[in-house]
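Residues per chain are reported as follows:
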Amino acid sequence: MAVLQASHLKKYYGREESLVKALDDVSVSVEEGQFVAIIGTSGSGKSTLLNMLGGLDTPTSGGVQVEDCRLEDMKEEQLTVFRRRRIGFIFQNYNLIPYLTAYENIVLPVRLDGKTEDKKFLKEITEFLELDHKLANYPSHLSGGQQQRVAIARALISKPAIILADEPTGNLDSQTSDKVIDLLKMTSRKFHQTIVMITHNPEIAEKADRRIRIEDGKIHPAEEERAAGSDNRTFEQTERTRDDWNPRTDRENSRRKRA
């Protein structure tokens, strides 16, 4: 089932001779639970597409649908709340608030929503990401890899359906990059997240379930690929149990309570 769909997205800047087509009639569909890498050279339109998918920017034309909601039909305030509840963002530069501890950064999306974090779930993901002994640290006292794991935990804490990651390994060395991607894959499978990641690194992209190439604002259908071995999901430590949290069940239960 498609959890994220973009239809005929266009993003144009300027006019006539100075017209720039950052996105030029892009359509893409992402299935629930997929780990998708969007690849391309610098300036190809990757970040623009990710911003559109997450509702951080508005298209010149076309639309984006997340589950049963069309982003273009929402007012700005509605879109802000929707992003906070349904989409988790992992930014290239982490975007951690320097005067908040790791713990405070992680729970910030939940607190901004006027809610209290799920302590059990928080404990689970911080232990899983090996952050449980770093929660009192400020970002300046964390390594790059630890800051990235804090950003991942922050993206997970509100239990969103979708994680959007912008060059999550762009500022990391190769060893730390591999660890971060492995963590993303494991959290995707353990917590049943759909992940869309942009990268210019083909070696990193090969770790995804599916790769989509974008160049000059267009998706190249002939170059869309399934990563080798994408069906061989053998992370035994992340096998789902009956007690694992399932975001779809969580959302359906919430809808029933509201009804």
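Look a little higher up for the structure.
Residues numbered from 1 in each chain as written. Predicted model: local features only at pLDDT ≥ 70, side-chain atom pairs only at ≥ 80, totals over all residues. Heavy atoms only, no water.

**Focus: helix H1 (residues 46-53)**
Logical step 1: Taken across its eight residues, H1 has six buried, putting it largely inside the fold.
Logical step 2: Gly55 occupies a position one or two residues after H1 and carries a positive phi of about 70 degrees. (Buried < 20%, exposed > 50% of the residue type's maximum accessible area, 1.4 Å probe, protein only. Helix = DSSP H or I, 4+ residues; strand = E, 2+ residues; numbered from the N terminus.)

**Side note on the sheet that holds strand E1 (residues 2-13)**
Logical step 1: Pairing is antiparallel across the open sheet formed by four strands, whose spatial order is E2-E1-E4-E5. Unpaired on one side and paired on the other, strand E2 (20-31) and strand E5 (69-70) mark the two borders of the sheet.
Logical step 2: Relative to strand E4 (residues 61-66), E1 is paired through five bridges, and the arrangement is antiparallel. Within E4, the residue paired with Leu4 across the bridge is Val66. (Pairing = 2+ DSSP bridges.)

**Considerations on helix H5 (residues 144-157)**
Logical step 1: Here H5 spans 20 Å end to end across 14 residues, near enough to the 20 Å set by a 1.5 Å rise per residue.
Logical step 2: Counted residue by residue, H5 has 13 buried out of 14 residues, so it is predominantly covered.
Logical step 3: Taken from the residues just after H5, Lys159 is the one with a positive phi, measuring 55 degrees. (Expected span 1.5 Å × (residues − 1).)

**Some words on the pattern of salt bridges**
Logical step 1: Considering all chains together, one arrives at 16 salt bridges under this definition.
Logical step 2: Arg85 is paired through a salt bridge with Asp113; the nearest N and O atoms lie 2.8 Å apart. Of this pair, Arg85 sits in helix H2 (residues 76-86) while Asp113 sits in the loop between helix H3 (102-112) and helix H4 (119-128), placing them 28 residues apart in sequence.
Logical step 3: Residue classification places Arg85 among the partly exposed positions, given a relative accessible area of 42%.
Logical step 4: Salt bridges here are not isolated pairs; linked through shared partners, they connect Arg84, Arg85, Asp113 and Lys115. (Salt bridge = Lys/Arg side-chain N within 4 Å of Asp/Glu carboxyl O.)

**Topic: the environment of Gly45**
Logical step 1: For Gly45, the location among the structural elements is in the loop between strand E3 (35-39) and H1.
Logical step 2: The spacing of Gly45 and Gly217 is 172 residues in sequence and 5.0 Å in space, taken between C-alpha atoms.
Logical step 3: Residues contacting Gly45, with those up to four places away along its chain left out, are Ala22, Leu23 and Ile214. (Contact = heavy atoms within 4.5 Å.)

**Details of the packing of aromatic side chains**
Logical step 1: Taken as a whole and assessed by the stated rule, the structure comprises one aromatic pair.
Logical step 2: When the centroid spacing of 5.8 Å and the interplanar angle of 15 degrees are considered together, the rings of Phe89 and Phe91 count as stacked.
Logical step 3: Between the NZ or CZ atom of Lys159 and the centre of the ring of Phe121, over which it lies, the distance is 5.0 Å. (Phe/Tyr/Trp six-rings, centres within 6.5 Å; stacked < 30°, edge-to-face > 60°. Lys NZ or Arg CZ within 6 Å of the ring centre and 35° of its normal.)

**Some words on the nonpolar core**
Logical step 1: Core analysis: the largest hydrophobic core is formed by 39 residues, its most contacted members being Ile90, Ile106 and Leu184.
Logical step 2: Listed by contribution, the elements that provide at least two residues to this core are E3, H3, H4, H5, strand E7 (162-166), helix H6 (174-191), strand E8 (194-199) and helix H7 (202-205).
Logical step 3: For this core, the element with the most residues is H5, which contributes seven residues.
Logical step 4: Each residue touching Ile106, except ones within four places of it in the same chain, is listed here: Leu122, Thr126, Leu131, Leu135, Val150, Ala153, Arg154 and Ile157.
Logical step 5: Val26, Leu53, Val64 and Leu79 belong to the second-largest nonpolar core, a separate cluster that totals 30 residues. (Core = buried A, V, L, I, M, F, W, Y, C linked by side-chain atoms within 4.5 Å.)

**Here we look at unusual backbone geometry**
Logical step 1: The phi dihedral of Glu67 falls on the positive side, at around 55 degrees, and the residue is not glycine.
Logical step 2: Structurally, Glu67 is set in the loop between E4 and E5.
Logical step 3: Judged by relative accessible area, Glu67 falls into the buried class, the value being 17%.
Logical step 4: In this structure, Asp216 is a non-glycine residue whose phi angle is positive, near 55 degrees.
Logical step 5: With respect to the secondary-structure elements, Asp216 resides in the loop between strand E9 (210-215) and strand E10 (218-219).

**Section: the packing of H3 against H4**
Logical step 1: Following both chains from N to C, one finds H3 and H4 inclined at 125 degrees, their axes separated by 12 Å at the closest point. The orientation of H3 with respect to H4, classified from their angle, is oblique. By crossing handedness, the relation of H3 to H4 is classed as right-handed. Residues Tyr103, Ile106 and Val107 of H3 form the contact with H4, whose participating residues are Lys119, Leu122 and Thr126.
Logical step 2: A class-by-class count of the residues in the contact of H3 with H4 yields four nonpolar, one polar and one charged. (Axes fitted to C-alpha atoms, helices over the stretch in contact; angles between N-to-C directions. Parallel < 35°, antiparallel > 145°, perpendicular 65-115°, else oblique. Left-handed = near helix turned anticlockwise from the far one by under 90°. Nonpolar A, V, L, I, M, F, W, Y, C, P; charged D, E, K, R; others polar.)

**What about the side chain of Glu167?**
Logical step 1: Looking at the secondary structure, you find Glu167 in the loop between E7 and H6.
Logical step 2: The buried charged residue Glu167 lacks any salt bridge, with Lys46 as its nearest oppositely charged partner at 4.4 Å.
Logical step 3: Within the structure, Glu167 has its side chain in polar contact with the side chain of His200 (distance 3.2 Å).
Logical step 4: In this structure Glu167 touches Lys46, Gln92, Ile198, Thr199 and His200, once residues within four positions along its chain are discounted. (Lys, Arg positive; Asp, Glu negative; His and termini not counted. Polar contact = N/O pair within 3.5 Å; in protein donor to acceptor, adjacent residues only side chain to side chain.)

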